[in-house]
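Listed below, chain by chain, are the residues.
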Amino acid sequence: MPENIPQNAGFMIAAYTAAAVILVGYAVLLYRRTLKP
Amino acid sequence: MKLLKAGRWITAAGLALLAGVYVRALVFTPVERFQGPAQKIFYVHVPAAWCAMLAMGLVGIAGILYLLLKDPRFDRFGEASAEVGTVFSMVMLTTGPIWAKPIWGTWWTWDARLTLTLFLFLLFLGLLLLRSAVTDPGLRARYSAVLGICGLVLLPFIHLSVYFFRTLHPQPIVLKPSAPSLPGPMLLTLLFSFAVFTILYVGFVTQRYALALLREQAEMGAGGGGGNA
């Protein structure tokens, strides 16, 4: 077992942010498109 | 339109539950001691990959059904699923390299699994480009169905590529013949995320299907009643 857990939380935050931006962004885009088909 | 409203509600519920996945994964799920916090990318990367493959699988099945039955609902569904699959592929291909960098030391490697998933994304893009390029609805539906079936054929190769080839990508830990190799809290978070991403997929596809239907009705001019919805 490693003594110290790797400190790479920045990558985790970046990935979660990217996923949220893509999914929420698409949800908003889809909502706007359905307002004026 | 009832379908559109249902899609919006399902999507809203999915997004709210996604916030729950984030809280559960980031706050209440233990940190893996070898990989550190970056391992938690797993809880969005794997469900996104699942939804991308689910989307392509259903595009392919809808394509087969369209070629057999010539029912425009299958073509409409295939169109919706392809667009939504592209979105989940983007999540998969964005979060994957961000996870790979701290663990493998590189953002990308041209091994079988990664290359095939990129190919899946390009197939989704190809489907969308094809649909926008072909104006004749019958031809468009037929070409899309064939391309979707090609995507369906690709899926087993993607899933099994980690067994057939030497690759940096880990082997399946849930979708495999033996029991999932994850501690309980991590498995629970992953299954929760799988469910939420699937709800989001359903919500997105329902809305996108309704949008396609609205566009067809607008093109016909008089709002045709949605008989084939």
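Use the structure listed above.
Residues numbered from 1 in each chain as written. Chains lettered and ligands numbered in written order. Predicted model: local features only at pLDDT ≥ 70, side-chain atom pairs only at ≥ 80, totals over all residues.

Enquirer: Report on helix H2 (residues 42-69) of chain B, specifying residues and quantitative values.
Expert: All names here are of chain B. The end-to-end C-alpha distance of H2, which contains 28 residues, comes to 40 Å, matching closely the 40 Å that a straight helix rising 1.5 Å per residue would cover. Within H2, 21 of the 28 residues are buried, which leaves the element mostly enclosed by the surrounding structure. Downstream of H2 by a residue or two, Lys-70 has a phi angle that is positive, lying close to 55 degrees. (Helix = DSSP H or I, 4+ residues; strand = E, 2+ residues; numbered from the N terminus. Expected span 1.5 Å × (residues − 1). Buried ≥ 20, exposed ≤ 12 C-beta atoms within 10 Å, placed from the backbone.)

Enquirer: I'd like a rundown of the nonpolar core, residues and numbers included.
Expert: Grouped together as the largest cluster of nonpolar side chains are 63 residues, with contacts concentrated most on Ala-48, Ala-52, Ala-55, Phe-88 and Tyr-201 of chain B. Every element with two or more residues in this core is listed here: helix H1 (9-35) of chain A together with helix H1 (2-28), H2, helix H3 (72-104), helix H4 (112-133), helix H5 (137-164) and helix H6 (184-220) of chain B. Per element, the largest residue contribution to this core is 17 residues, and it comes from H2 of chain B. The contact partners of Ala-55 of chain B, leaving out residues within four places of it in the chain, are Ser-81, Val-84, Gly-85, Phe-88 and Tyr-201 of chain B. (Core = buried A, V, L, I, M, F, W, Y, C linked by C-beta atoms within 7 Å. Contact = placed C-beta atoms within 7 Å.)

Enquirer: Would you mind going over the environment of Leu-15 of chain B in detail, with residue names and values included?
Expert: With respect to the element layout, Leu-15 of chain B can be found in helix H1. Sequence separation between Leu-15 of chain B and Ala-25 of chain B is 10 residues; the distance between their C-alpha atoms is 15 Å. Excluding anything up to four places from it in sequence, Leu-15 of chain B contacts Val-24 and Ala-27 of chain A.

Enquirer: I'd like a description of H6 of chain B, backed by residues and values.
Expert: Between its first and last C-alpha, H6 of chain B extends 54 Å over 37 residues, near the 54 Å set by a 1.5 Å rise per residue. Within two residues after H6 of chain B, Gly-221 of chain B carries a phi angle of roughly 100 degrees, on the positive side.

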